[in-house]
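# A look at the structure
Residue-level listing of the chains:
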Amino acid sequence: MYAVLDIIPPEETELLDSGNNYDFPGYLFTLVDGTALPNLCPVLLTKMEQAMAQCKFTNEVLDCALATMKEQWMNKVKVLFKFSRASGNHSPEETQKLLRVLTTGPQDEPLLRFWMTGLSIRYKNHALESSFTQSGDSYYEVCDLNTGQ
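Reading the values: rules and limits
Residues numbered from 1 in each chain as written. Predicted model: local features only at pLDDT ≥ 70, side-chain atom pairs only at ≥ 80, totals over all residues. Heavy atoms only, no water. Core = buried A, V, L, I, M, F, W, Y, C linked by side-chain atoms within 4.5 Å. Buried < 20%, exposed > 50% of the residue type's maximum accessible area, 1.4 Å probe, protein only. Helix = DSSP H or I, 4+ residues; strand = E, 2+ residues; numbered from the N terminus. Contact = heavy atoms within 4.5 Å. Axes fitted to C-alpha atoms, helices over the stretch in contact; angles between N-to-C directions. Parallel < 35°, antiparallel > 145°, perpendicular 65-115°, else oblique. Nonpolar A, V, L, I, M, F, W, Y, C, P; charged D, E, K, R; others polar. Phe/Tyr/Trp six-rings, centres within 6.5 Å; stacked < 30°, edge-to-face > 60°. Lys NZ or Arg CZ within 6 Å of the ring centre and 35° of its normal. Patch = residues over 30% accessible without salt bridge, like charges linked within 9 Å, V, L, I, M, F, W, Y side chains within 5 Å. Areas by Shrake-Rupley, 256 points an atom, 1.4 Å probe, with all protein chains shown as cover. Salt bridge = Lys/Arg side-chain N within 4 Å of Asp/Glu carboxyl O.

## Observations regarding the nonpolar core
Ranked by size, the top nonpolar core spans 16 residues in total, and within it Val-77, Leu-80, Phe-81, Leu-98, Leu-112 and Met-116 carry the most contacts. It is helix α3 (residues 59-86) that contributes the most residues to this core, seven residues altogether. Not counting the four nearest positions on each side in its chain, Val-77 is found in contact with Leu-112, Trp-115, Met-116 and Leu-119.

Right under this line is the structure:
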(Lines give C-alpha, C1' and ligand atoms only; values in the text may rest on other atoms or scores of the structure.)
Protein backbone atom coordinates (compact mmCIF):
# COMPACT_ATOMS: atom_id res chain seq x y z
CA MET A 1 0.00 0.00 0.00
CA TYR A 2 1.27 3.45 -0.82
CA ALA A 3 0.19 7.06 -0.87
CA VAL A 4 1.67 9.89 -2.92
CA LEU A 5 1.41 13.48 -1.75
CA ASP A 6 1.99 15.99 -4.55
CA ILE A 7 2.69 19.57 -3.47
CA ILE A 8 2.49 22.16 -6.22
CA PRO A 9 4.31 25.43 -5.34
CA PRO A 10 2.73 28.88 -5.77
CA GLU A 11 4.69 29.60 -8.97
CA GLU A 12 2.95 26.70 -10.71
CA THR A 13 -0.45 27.25 -9.12
CA GLU A 14 -0.79 30.80 -10.41
CA LEU A 15 -2.14 29.32 -13.61
CA LEU A 16 -4.75 27.40 -11.62
CA ASP A 17 -7.80 28.78 -9.86
CA SER A 18 -6.58 29.49 -6.32
CA GLY A 19 -9.90 30.46 -4.77
CA ASN A 20 -9.21 28.38 -1.65
CA ASN A 21 -8.38 29.65 1.80
CA TYR A 22 -5.81 27.24 3.25
CA ASP A 23 -3.06 27.55 5.84
CA PHE A 24 -0.52 27.47 3.00
CA PRO A 25 -1.80 30.06 0.52
CA GLY A 26 -0.85 29.45 -3.08
CA TYR A 27 0.13 25.81 -2.62
CA LEU A 28 -1.96 23.00 -4.04
CA PHE A 29 -1.97 19.57 -2.39
CA THR A 30 -3.12 16.35 -4.02
CA LEU A 31 -3.12 12.92 -2.43
CA VAL A 32 -3.22 9.72 -4.46
CA ASP A 33 -3.77 6.38 -2.73
CA GLY A 34 -3.32 3.02 -4.42
CA THR A 35 -6.08 1.27 -2.49
CA ALA A 36 -9.73 1.15 -3.46
CA LEU A 37 -12.33 1.89 -0.83
CA PRO A 38 -15.07 -0.70 -0.32
CA ASN A 39 -18.60 0.07 -1.45
CA LEU A 40 -20.00 -0.51 2.06
CA CYS A 41 -18.37 0.46 5.34
CA PRO A 42 -18.07 -2.18 8.07
CA VAL A 43 -21.03 -2.09 10.47
CA LEU A 44 -18.65 -1.44 13.37
CA LEU A 45 -17.38 1.76 11.75
CA THR A 46 -20.94 2.98 11.21
CA LYS A 47 -21.85 2.23 14.85
CA MET A 48 -18.74 4.03 16.09
CA GLU A 49 -19.54 7.08 13.98
CA GLN A 50 -23.11 7.11 15.31
CA ALA A 51 -21.85 6.90 18.90
CA MET A 52 -19.39 9.76 18.37
CA ALA A 53 -22.10 11.87 16.74
CA GLN A 54 -24.29 11.64 19.85
CA CYS A 55 -23.97 15.07 21.45
CA LYS A 56 -25.66 13.79 24.62
CA PHE A 57 -22.83 11.32 25.37
CA THR A 58 -20.23 12.40 27.87
CA ASN A 59 -16.64 11.28 27.29
CA GLU A 60 -17.06 8.55 29.90
CA VAL A 61 -20.21 7.19 28.25
CA LEU A 62 -18.54 7.30 24.81
CA ASP A 63 -15.49 5.43 26.19
CA CYS A 64 -17.78 2.79 27.66
CA ALA A 65 -19.77 2.46 24.42
CA LEU A 66 -16.63 2.08 22.29
CA ALA A 67 -15.13 -0.46 24.70
CA THR A 68 -18.37 -2.45 24.62
CA MET A 69 -18.41 -2.43 20.82
CA LYS A 70 -14.79 -3.59 20.74
CA GLU A 71 -15.58 -6.44 23.13
CA GLN A 72 -18.65 -7.49 21.10
CA TRP A 73 -16.69 -7.53 17.87
CA MET A 74 -13.73 -9.37 19.43
CA ASN A 75 -16.21 -12.08 20.43
CA LYS A 76 -17.38 -12.25 16.81
CA VAL A 77 -13.73 -12.53 15.73
CA LYS A 78 -13.19 -15.42 18.14
CA VAL A 79 -16.27 -17.25 16.84
CA LEU A 80 -15.12 -16.77 13.23
CA PHE A 81 -11.63 -18.00 14.18
CA LYS A 82 -12.97 -21.18 15.76
CA PHE A 83 -15.31 -21.72 12.81
CA SER A 84 -12.66 -21.22 10.14
CA ARG A 85 -9.61 -22.77 11.79
CA ALA A 86 -10.70 -25.22 14.43
CA SER A 87 -13.58 -26.94 12.73
CA GLY A 88 -12.12 -27.48 9.27
CA ASN A 89 -12.77 -26.09 5.83
CA HIS A 90 -16.13 -24.51 5.11
CA SER A 91 -17.75 -23.33 1.92
CA PRO A 92 -18.26 -19.62 1.29
CA GLU A 93 -22.01 -20.19 1.74
CA GLU A 94 -21.45 -21.60 5.24
CA THR A 95 -19.23 -18.65 6.10
CA GLN A 96 -21.92 -16.22 4.90
CA LYS A 97 -24.52 -18.02 7.04
CA LEU A 98 -22.25 -17.62 10.07
CA LEU A 99 -21.75 -13.93 9.32
CA ARG A 100 -25.55 -13.51 9.21
CA VAL A 101 -25.90 -15.29 12.57
CA LEU A 102 -23.27 -12.92 13.98
CA THR A 103 -25.31 -9.98 12.59
CA THR A 104 -22.51 -9.00 10.25
CA GLY A 105 -22.30 -8.87 6.50
CA PRO A 106 -19.81 -9.43 3.72
CA GLN A 107 -18.52 -5.88 4.19
CA ASP A 108 -17.42 -6.85 7.73
CA GLU A 109 -15.44 -9.94 6.78
CA PRO A 110 -12.15 -8.11 5.96
CA LEU A 111 -12.30 -6.34 9.34
CA LEU A 112 -13.02 -9.58 11.20
CA ARG A 113 -10.22 -11.43 9.39
CA PHE A 114 -7.80 -8.56 10.09
CA TRP A 115 -8.65 -8.67 13.80
CA MET A 116 -8.12 -12.45 13.72
CA THR A 117 -4.45 -11.76 13.02
CA GLY A 118 -4.28 -9.90 16.32
CA LEU A 119 -5.48 -12.81 18.45
CA SER A 120 -2.77 -13.99 20.80
CA ILE A 121 -0.98 -17.25 20.12
CA ARG A 122 -2.09 -18.43 23.54
CA TYR A 123 -5.76 -17.85 22.68
CA LYS A 124 -5.38 -19.47 19.24
CA ASN A 125 -3.81 -22.58 20.76
CA HIS A 126 -6.50 -22.74 23.45
CA ALA A 127 -9.29 -22.37 20.86
CA LEU A 128 -7.83 -25.08 18.67
CA GLU A 129 -7.30 -27.46 21.59
CA SER A 130 -10.75 -26.88 23.06
CA SER A 131 -12.42 -27.70 19.74
CA PHE A 132 -11.52 -31.33 20.15
CA THR A 133 -12.11 -33.57 23.17
CA GLN A 134 -10.27 -36.77 23.91
CA SER A 135 -12.38 -39.92 24.15
CA GLY A 136 -10.38 -43.08 24.65
CA ASP A 137 -7.74 -43.23 21.94
CA SER A 138 -9.57 -41.06 19.41
CA TYR A 139 -10.53 -37.43 19.12
CA TYR A 140 -13.96 -36.33 18.01
CA GLU A 141 -15.45 -32.94 17.27
CA VAL A 142 -17.53 -31.44 20.07
CA CYS A 143 -20.32 -30.25 17.78
CA ASP A 144 -21.33 -31.14 14.26
CA LEU A 145 -22.10 -27.79 12.58
CA ASN A 146 -24.56 -29.37 10.15
CA THR A 147 -26.80 -31.02 12.75
CA GLY A 148 -26.00 -28.80 15.74
CA GLN A 149 -25.47 -31.89 17.91
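Further notes follow.
## Topic: the packing of helix α4 (residues 92-101) against helix α5 (residues 109-116)
The N-to-C vectors of α4 and α5 enclose an angle of 90 degrees; their axes lie 12 Å apart at closest approach. Taken together, α4 and α5 sit at an angle that is classed as roughly perpendicular. Counting all contacts with α4, which are made through Thr-95, Gln-96 and Leu-99, the residues of α5 involved are Glu-109, Leu-112 and Arg-113. Classifying every residue of the contact of α4 with α5 gives two nonpolar, two polar and two charged.

## A look at the packing of aromatic side chains
Within this structure, the stated rule accounts for one aromatic pair. An angle of 55 degrees between the planes, with centres 6.4 Å apart, marks the rings of Phe-81 and Tyr-123 as tilted. Placement of Phe-81 in helix α3 and of Tyr-123 in helix α6 (residues 121-130) is noted, with a sequence separation of 42 residues between them. Residue class for Phe-81 comes out buried when judged on its relative accessible area of 3%. When the ring centre of Trp-73 is taken as reference, the NZ or CZ atom of Lys-76 above it lies at 4.4 Å. We note Lys-78 situated over the ring of Tyr-123; from NZ or CZ to the ring centre the distance is 5.1 Å.

## Things to note about unusual backbone geometry
Phi is positive for Thr-103, close to 55 degrees, though the residue is something other than glycine. Following the sequence through the fold, Thr-103 ends up in the loop between α4 and α5.

## Comments concerning a nonpolar patch on the surface
On the surface, a nonpolar cluster with roughly 620 Å² of combined accessible area is contributed by Leu-5, Ile-7, Phe-24, Tyr-27, Phe-29 and Leu-31. Of all the secondary structure elements, the ones that give two or more residues to the nonpolar patch are β1 (3-8) and β2 (28-33). Relative to the elements of secondary structure, Tyr-27 occurs in the loop between α1 (10-13) and β2.

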